[in-house]
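Coordinate inspection notes
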Amino acid sequence: MKGLVVKSTGSWYHVCAIDGSHVQCRIKGKFRNRQIQSTNPITVGDQVEFEREQNLDTGIINQLYDRRNYFIRKSVNLSKQVHIIAANVDILLIVATLENPKTSLGFIDRLLVSAEAYGIQSVIVFNKLDMYDVATLAQLAHHKSVYESIGYTCLSVSAFEYESLLPIYQLFKQKIIVLSGHSGVGKSTLINALFPQLTLKTAAISDWTTKGKHTTTFSEMFPTVDGGYVIDTPGIKEMGLAEIRPQELASFFPELAHWGLGCKFHNCSHVSEPSCAVLEAVDNGKIVLSRYESYLSMLHNQDTRK
């Protein structure tokens, strides 16, 4: 029977079958032997084939259907492995906050690059708008202008101001949307505000550390409206890039890819080569310095696979 993986807890997979039933499934050993250096061979959003175990309420997954994409990060504890956060995704909602906790532009850029690498549309959601003072609002306006100038959609929202959430709500029609960001930025709170019937668990920010508490421990997928789905994910402390080669990194920065067409050398790394159109664009302010610095950080910190 065919089904959709809607929750993964490491050893068990909650599968929604095409007949509407829900079955807890395990995987056959052959999945563990595939040449996929991943901590999780199957993930939320995967389409699978499974069979029910005789005289039991559980099932066995025996086939994984081809994915059209996936959202992935380097495993924190296992440097040679990656962790697949979700599969078959239409839109990545990057949930960011400027305070409590603070989301750096470098972190946002890593999420954007990871989405670009697999053809996933990104929308940046600046949350907790109700908490910002005049200075923070000015900083927010600057950040939005940077990313909107590149072509990314940016939204400013508050979970307590429903009208601000309407642009997000409208995205969900027949789309699979995954939310990602640091712990404490309000991913689960936003989902609850958009879809109150889900009642996801949330927790307050730690007063001592000003960092988020992990309330979502496993990725989980929920139906929303008009055939859409939302995927809630655990908070990410660091976003390690995976399966991206150094020579292709610039192609996942839209503005670097655009200006790079004018470089003298087709394999220009945009670091120190002569007649580099990207370096010229940085000097002229046509490429925002923070974005170029993010590129250099990713290139030189050996995030990418050679």
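Predicted, not measured: the structure shown is a model, and the values here were computed from it.

1. Examining the nonpolar core
Leu-92, Ile-108, Ile-124, Phe-126 and Tyr-147 are the most contacted members of the largest nonpolar core, which has 40 residues in total. Of all elements in the fold, only strand E1 (2-8), strand E6 (70-74), strand E7 (82-87), strand E8 (91-96), helix H1 (105-117), strand E9 (121-126), helix H2 (134-150) and strand E11 (176-180) reach the threshold of two or more residues within this core. The greatest single-element share of this core, amounting to six residues, is contributed by H1. In this structure Ile-108 touches Ile-94, Ala-96, Thr-103, Ile-124, Phe-126 and Tyr-147, once residues within four positions along its chain are discounted. Listed in part, the 22 residues of the second largest apolar core include Ile-91, Val-95, Ile-191 and Leu-194.

2. What about the pattern of salt bridges?
Close approach of charged atoms allows side chains with opposite charge to pair. Summed over the entire model, instances satisfying the criterion amount to seven salt bridges. Among the ionic pairs, Arg-67 bridges to Asp-46, the shortest N-O distance being 2.7 Å. With Arg-67 in the loop between strand E5 (59-64) and E6 and Asp-46 in the loop between strand E3 (22-27) and strand E4 (47-52), this pair connects stretches of sequence that are 21 residues apart. Linking Asp-109 and Arg-291 is a salt bridge whose minimum nitrogen-to-oxygen distance equals 2.8 Å.

3. Points about empty space enclosed by the protein
Across all of its chains, the model carries one cavity of 30 Å³ or more by this definition. If you add up the space inside the largest cavity, you get close to 30 Å³. Lining the largest cavity are Leu-93, Val-95, Val-125, Ile-168, Phe-172, Leu-179, Leu-190 and Leu-194. Mapped onto the lining of the largest cavity, the elements with two or more residues apiece are E8 and helix H4 (187-194). Looking at side-chain class alone, the lining of the largest cavity contains eight nonpolar, no polar and no charged residues.

4. Side note on the packing of aromatic side chains
With the rule as written, the count across this model stands at five aromatic pairs. Seen in terms of ring centroids, Tyr-70 and Tyr-118 are 4.8 Å apart; in terms of plane orientation they differ by 35 degrees. Their pairing is tilted. Within this pair, whereas Tyr-70 is found in strand E6, its partner Tyr-118 is found in the loop between H1 and E9, the two being separated by 48 residues in sequence. In this structure an aromatic cluster arises from ring pairing among Tyr-169, Phe-172 and Phe-195. For Lys-2, the ring lying beneath its charged end belongs to Tyr-65, and the centroid distance is 4.9 Å. Residue placement shows Arg-67 over the ring face of Tyr-70; its charged tip is 5.7 Å from the ring centre.

Conventions adopted
- Residues numbered from 1 in each chain as written.
- Predicted model: local features only at pLDDT ≥ 70, side-chain atom pairs only at ≥ 80, totals over all residues.
- Heavy atoms only, no water.
- Core = buried A, V, L, I, M, F, W, Y, C linked by side-chain atoms within 4.5 Å.
- Buried < 20%, exposed > 50% of the residue type's maximum accessible area, 1.4 Å probe, protein only.
- Helix = DSSP H or I, 4+ residues; strand = E, 2+ residues; numbered from the N terminus.
- Contact = heavy atoms within 4.5 Å.
- Salt bridge = Lys/Arg side-chain N within 4 Å of Asp/Glu carboxyl O.
- 1 Å grid on protein atoms, 1.4 Å probe; cavity = no way out; pocket = protein on both sides within 12 Å on 5 of 7 lines; lining within 4 Å.
- Points joined across faces, edges and corners; volume = space filled by probe spheres on them.
- Nonpolar A, V, L, I, M, F, W, Y, C, P; charged D, E, K, R; others polar.
- Phe/Tyr/Trp six-rings, centres within 6.5 Å; stacked < 30°, edge-to-face > 60°.
- Lys NZ or Arg CZ within 6 Å of the ring centre and 35° of its normal.

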